[in-house]
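# Notes for the structure review
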Amino acid sequence: MDLSRTPEEEEFRARLRTWLATVLPTLPAKPSPDDWPGRRAYDLSWQRMLYDAGYADVHWDASPTIRMIFLEETEKAGAPYVGANFVGLLHAGPTIAAEGTAEQRARWLPPILRGEQVWCQGFSEPDAGSDLASLRTRARRDGDHYVVTGSKIWTSHAEVADWCELLVRTDPAAPRHRGITWLALPMDTEGVTVRPLRTLAGSAEFAEVFLDEVRVPVANRVGEENDGWRVTMVTLSFERGTAFVGEVVACRRVLRELACAARENGRWDDPVLRRRLGRLEAEFRALWRLTQWNVSEAEANGGVPGVGGSVFKLRYSHARQELYDAAAEVLGPDCLDLDRPWVLDRLSSLSYTIAAGTSQIQRGIVAERILGLPRGR
């Protein structure tokens, strides 16, 4: 594993730092967390600025190392997160770049890069639980279209999305992993109903999506019919492999802030808390090195992260929860005040052992695909 940086990569880092220092002070104030149309406009505007500056395509048309440098530097500088562009830039876009036809790449990637379209993720279902392969949303072939009926839940940013990366079952008689197809669904298609969901933290970035005889062109299929599970593994490898790079940097920043706050309010005198923060520092240093390893592996495999992403996702999910539990110790009684720093982050951290594949699923992947243990019955 080569963790050194080439002169070209260091030049990219320096150029990006200079650009961020120039442009970030000119940004308008961020909209309210509850104003999703406003947040969509804000996030798309930021993406357009990245596009005009030549940084928009780093998520799929650059080496994993360049992508990692970009996420590291933008997080350190306090730049806007991808926000409503999350699925398009970090999931659907890289998947289409890796698996789509030339026509599909020309059709869908430029609008995402230019900040013109938002995508959502239609994977999870109410009755599937953490077992994605047991999805029941049906798609029957009718000429040049698939007719889709079913429902999705926890669909990220569905209420402001233009497109959805949608998993459907096209062959109910096939083994469950082999009868799935990956489709791109226009969200304004007749028969699509979106109902926003409010989370424990009070936000509404998720929604239920109901599909009633929705017609999706066959041309919107990415990969072959019934090969959607393999395509989905590409999507999830990006979600678990490199999409959390910026968040690791953010957690390390929060950890430093917690140490400063503990010194100011006297909680630093507690040796148990000091040991906890020290262990978390070691934990996130190790996660950063694991991220670098995953990036090196991705570069050796054509840009697609490998199963090491599951190791990272498993440990990061729990480390993030432990970080914000430590934040509650530092805050003391103020940890119940939703207006205090880190309190809402603590609530949202509870979802990380479920989102992007539950910890139970990640343990199964690590056991079978990395350790070579036999599949349980």
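Please refer to the structure higher up on the page.
If you're wondering where the values come from, they're calculated on a predicted model, not measured in any experiment.

### Overview of the pairing of strand S7 (residues 206-217)
- Pairing analysis gives 7 bridges linking strand S3 (residues 145-152) to S7, with the strands arranged antiparallel. In the strand pairing of S7, Val 148 is matched with Val 214.
- Direction of pairing for strand S6 (residues 192-197) relative to S7: antiparallel, over a ladder of 6 bridges. Bridge pairing links Val 192 to Leu 211 in S7.

### Description of helix H5 (residues 102-113)
- A rise of 1.5 Å per residue sets the reference length of H5, with its 12 residues, at 16 Å; its end C-alpha atoms lie 16 Å apart and thus fit the reference within 8%.
- Gln 104, Trp 108, Leu 109, Pro 111, Ile 112 and Leu 113 are the residues of H5 that are buried.
- Buried residues along H5 sit in contact with helix H2 (36-53), helix H4 (86-99), strand S1 (119-122), strand S4 (163-169), strand S5 (180-186) and strand S8 (221-222).
- Where H5 terminates, the next one or two residues include Gly 115, which has phi positive at roughly 70 degrees.

### Focus on the nonpolar core
- Judged by nonpolar contacts, the single largest core of 44 residues is most densely connected at Phe 12, Trp 19, Trp 46, Phe 70, Trp 119 and Trp 182.
- Contributions of two or more residues to this core are made by helix H1 (7-23), H2, helix H3 (64-76), H4, H5, S4, S5 and helix H6 (228-241).
- In terms of residues, this core owes the most to one element, H4, which gives 6 residues.
- Among all residues touching Phe 70, those that are not within four sequence positions of it are Phe 12, Leu 16, Leu 50, Tyr 55, Val 58 and His 59.
- Ranked by size, the runner-up nonpolar core spans 28 residues in total, among them Val 254, Ala 319, Leu 323 and Val 330.

### Topic: the packing of aromatic side chains
- In total, this model carries 8 aromatic pairs according to the counting rule given.
- Taken together, the aromatic side chains of Phe 12, Trp 19, Trp 46 and Tyr 55 make up a single cluster linked through ring pairs.
- The ring centre of Tyr 146 lies 5.6 Å from the NZ or CZ of Arg 141, which sits over that ring.
- The ring of Trp 268 carries Arg 263 above its face, with NZ or CZ at 4.1 Å from the centroid.

### Focus on the environment of Leu 183
- As for its placement among the helices and strands, Leu 183 is situated in strand S5.
- Along the chain, Leu 183 and Val 222 lie 39 residues apart, while their C-alpha atoms are 6.0 Å from each other.
- Ignoring anything within four residues of it in the chain, the contact list for Leu 183 reads Tyr 146, Val 148, Cys 164, Glu 165, Leu 166, Val 168, Val 216, Asn 220 and Arg 221.

### Side note on H2
- With 18 residues, H2 ought to run about 26 Å at 1.5 Å a step, and its terminal C-alpha atoms sit 25 Å apart, in line with that.
- Among the residues of H2, those classed as buried are Trp 36, Gly 38, Arg 40, Tyr 42, Asp 43, Leu 44, Trp 46, Gln 47 and Leu 50.
- Between the side-chain oxygen of the N-cap and the backbone nitrogen of Gly 38 there are 3.0 Å, and the N-cap of H2 in question is Asp 35.

### What to know about the pairing of S1
- Burial of the side chains of S1 extends over both faces: Trp 119 and Gln 121 are buried on one face and Cys 120 and Gly 122 on the other.
- Relative to S4, S1 is paired through 4 bridges, and the arrangement is parallel. Across the sheet, Gln 121 pairs through a bridge with Glu 165, a residue of S4.

### A closer look at the packing of H1 against H3
- In the contact formed by H1 and H3, the axes pass within 10 Å of each other and the chain directions differ by 30 degrees. Classed by the angle they form, the pair H1 and H3 counts as roughly parallel. The two elements H1 and H3 cross, and the hand of that crossing is right-handed. Contact residues: H1 offers Glu 9, Phe 12, Arg 13, Leu 16, Arg 17 and Leu 20, while H3 offers Thr 65, Ile 66, Ile 69, Phe 70, Glu 72, Glu 73 and Thr 74.
- A breakdown of the residues in the contact of H1 with H3 according to their chemical character gives 6 nonpolar, 2 polar and 5 charged.

### Some details on the pattern of salt bridges
- Using the criterion set out here, one finds 24 salt bridges in the structure.
- Its salt-bridge partner being Asp 52, residue Arg 48 comes within 3.2 Å of it at the nearest N-O pair. With a gap of 4 residues between them, Arg 48 and Asp 52 both fall in helix H2, about one helical turn apart.
- Here Arg 279 and Glu 322 are joined by a salt bridge, their closest N and O atoms 3.4 Å apart. Here Arg 279, found in helix H8 (residues 271-300), pairs with Glu 322, found in helix H9 (residues 308-331); they are 43 residues apart in sequence, far enough to count as distant.
- Residue class for Arg 279 comes out partly exposed when judged on its relative accessible area of 41%.
- Through salt bridges that share partners, Glu 10, Arg 13, Arg 17, Glu 72, Glu 73 and Lys 76 make up one connected network.

About the criteria used
- Residues numbered from 1 in each chain as written.
- Predicted model: local features only at pLDDT ≥ 70, side-chain atom pairs only at ≥ 80, totals over all residues.
- Heavy atoms only, no water.
- Pairing = 2+ DSSP bridges.
- Helix = DSSP H or I, 4+ residues; strand = E, 2+ residues; numbered from the N terminus.
- Expected span 1.5 Å × (residues − 1).
- Buried < 20%, exposed > 50% of the residue type's maximum accessible area, 1.4 Å probe, protein only.
- Contact = heavy atoms within 4.5 Å.
- Core = buried A, V, L, I, M, F, W, Y, C linked by side-chain atoms within 4.5 Å.
- Phe/Tyr/Trp six-rings, centres within 6.5 Å; stacked < 30°, edge-to-face > 60°.
- Lys NZ or Arg CZ within 6 Å of the ring centre and 35° of its normal.
- Polar contact = N/O pair within 3.5 Å; in protein donor to acceptor, adjacent residues only side chain to side chain.
- Axes fitted to C-alpha atoms, helices over the stretch in contact; angles between N-to-C directions.
- Parallel < 35°, antiparallel > 145°, perpendicular 65-115°, else oblique.
- Left-handed = near helix turned anticlockwise from the far one by under 90°.
- Nonpolar A, V, L, I, M, F, W, Y, C, P; charged D, E, K, R; others polar.
- Salt bridge = Lys/Arg side-chain N within 4 Å of Asp/Glu carboxyl O.

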